[in-house]
Amino acid sequence: MIEKEIAMLSNAYVNTLLFGVYPYICLVVLLIGSLIRFDREPYTWKSDSSQTLRKRELRLGSNLFHYGVIVVILGHFAGFLAPHWAVDWALSPAAHQLLAMVVGGIAGTIAIIGLTILIHRRLTDPRIRLNSRKWDITITFMLWLQLALGLLTVPLSAYHMDGELFETLSSYVKGIVTLDGGAAALMVGVPLTYKLHILLGFTLFLVSPFTRMIHIWSGAGALAYLFRPYQIVRTPKTRAEEPVRS
């Protein structure tokens, strides 16, 4: 009996540490680390594009990944952070969950296809591989795994179409944002796939200030990408046509 109580207390402690403390560590590091890097190393605030190598594959993979992941991110914000009064009048919890599954599933599939193309390009081209840092490859695989975990939650959610699990996750995210000390308790009993998806998501926030993902802050946010009609590629021809200043 005593051993059982100790095990329960231990599990509660680990749950609080992972889902009540760790998220704030990640968010604080993301904010402060980004500010410090911008102040001390502003010229590293970039994505280190390799667009001069195999441009066609880059353009296809990059567009699929960025458009897909932007929809995924916006969907997470809208789905989990929208107040109940703004949604309940139009959608029941079950309908809200179904909409999130459909939109998120389509956008996530597009994003992971694009990222797979980018991974293939980075690993199979010797010049790009030579120009890649270890962190570049690591963060890319972390993003791929995060997308894969997100897609795995879609069929799992189909077994909980009453909307109860979706509401639990939504309440947890709102609790983290509103500094609710009891938010972690909501994650007890949540399936492992969802927990891994959440933990990896916060881990991506944690490592962002130290990797090329720092560029997500640039250019008026990721929404600017949606309205960008082209990718800037400087060629010898365009440089030759530029006027010479005397």
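Residues numbered from 1 in each chain as written. Predicted model: local features only at pLDDT ≥ 70, side-chain atom pairs only at ≥ 80, totals over all residues. Heavy atoms only, no water.

## Points about the overall build of the protein
Then step 1. In terms of regular secondary structure, the protein is built from 10 helices and 0 strands.
Then step 2. Secondary structure elements in the protein, listed N-terminal to C-terminal, are α-α-α-α-α-α-α-α-α-α.
Then step 3. Here the protein holds 246 residues, and 35% of them are scored as buried.
Then step 4. Contacts spanning at least 24 positions in sequence make up 83% of the contacts within the protein whose residues lie at least 6 apart.
Then step 5. Roughly 15600 Å² of accessible area belongs to the protein as shown, and the carbon and sulfur atoms make up 70% of that amount. (Helix = DSSP H or I, 4+ residues; strand = E, 2+ residues; numbered from the N terminus. Buried < 20%, exposed > 50% of the residue type's maximum accessible area, 1.4 Å probe, protein only. Contact = heavy atoms within 4.5 Å. Areas by Shrake-Rupley, 256 points an atom, 1.4 Å probe, with all protein chains shown as cover.)

## Examining the packing of helix α4 (residues 93–124) against helix α6 (residues 134–157)
Then step 1. Interhelical geometry of α4 versus α6 gives an angle of 150 degrees and a closest axis separation of 9 Å. As summarised for this structure, α4 and α6 are arranged roughly antiparallel, according to the angle between their axes. Where α4 crosses over α6, the handedness of that crossing is left-handed.
Then step 2. Among the residues making up the contact of α4 with α6, the classes are represented as 14 nonpolar, 8 polar and 2 charged. (Axes fitted to C-alpha atoms, helices over the stretch in contact; angles between N-to-C directions. Parallel < 35°, antiparallel > 145°, perpendicular 65-115°, else oblique. Left-handed = near helix turned anticlockwise from the far one by under 90°. Nonpolar A, V, L, I, M, F, W, Y, C, P; charged D, E, K, R; others polar.)

## Comments concerning the nonpolar core
Then step 1. Formed by 19 residues in total, the largest nonpolar core has its most connected members in F65, L115, I139, M142, L143, L147 and L204.
Then step 2. For this core, the secondary-structure elements that each account for two or more residues are α2 (55–81), α4, α6 and α8 (192–207).
Then step 3. With 6 residues, the top contributor of residues to this core is α6.
Then step 4. Residues in contact with L143, not counting those within four places in the same chain, are F65, L115, L204 and M213. (Core = buried A, V, L, I, M, F, W, Y, C linked by side-chain atoms within 4.5 Å.)

## A short note on the packing of aromatic side chains
Then step 1. Scanning all chains against the criterion turns up 3 aromatic pairs.
Then step 2. With centroids separated by 6.3 Å and ring planes inclined at 80 degrees, the aromatic side chains of F19 and Y172 adopt a geometry described as edge-to-face. You can see F19 sitting in helix α1 (residues 2–40) and its partner Y172 sitting in helix α7 (residues 164–177), a full 153 residues away along the chain.
Then step 3. For F19, a relative accessible area of 3% corresponds to the buried category.
Then step 4. Overall, Y172 belongs to the buried group, its relative accessible area being 1%.
Then step 5. Here F202 and F205 contribute two aromatic rings whose centre-to-centre distance is 6.2 Å and whose plane-to-plane angle is 65 degrees, an arrangement assigned as edge-to-face. With a gap of 3 residues between them, F202 and F205 both fall in helix α8, about one helical turn apart.
Then step 6. Look at F202 and you get buried, because its relative accessible area is 12%.
Then step 7. With relative accessibility at 35%, the residue F205 sits in the partly exposed group. (Phe/Tyr/Trp six-rings, centres within 6.5 Å; stacked < 30°, edge-to-face > 60°.)

## Some points on a nonpolar patch on the surface
Then step 1. Judged by side-chain polarity, V71, L98, L99, V102, V103, I106, I110 and M161 come together as a nonpolar surface patch covering roughly 620 Å² of accessible area.
Then step 2. Using a relative accessible area of 35% as the deciding quantity, one classes V71 as partly exposed. (Patch = residues over 30% accessible without salt bridge, like charges linked within 9 Å, V, L, I, M, F, W, Y side chains within 5 Å. Salt bridge = Lys/Arg side-chain N within 4 Å of Asp/Glu carboxyl O.)

## Overview of the pattern of salt bridges
Then step 1. In the structure shown here, the tally under the stated rule is 1 salt bridge.
Then step 2. The partner of D136 in a salt bridge is R212, with the nearest N and O atoms 3.8 Å apart. Of this pair, D136 sits in helix α6 while R212 sits in the loop between α8 and α9 (223–226); the two residues are 76 residues apart in sequence, bridging distant segments of the chain. Exposure class is identical for D136 and R212. Each is buried.

## Some points on the packing of α7 against α8
Then step 1. Axis separation between α7 and α8 bottoms out at 13 Å; the angle between their running directions is 25 degrees. Between α7 and α8, the angle is such that the two are roughly parallel. As for the relative orientation of α7 and α8, their crossing is right-handed in sense. Note on element contacts: α8 touches α7 through Y194, I198 and F202, opposite L165, L169, Y172 and I176.
Then step 2. Residue classes in the contact of α7 with α8 are distributed as 7 nonpolar, no polar and no charged.

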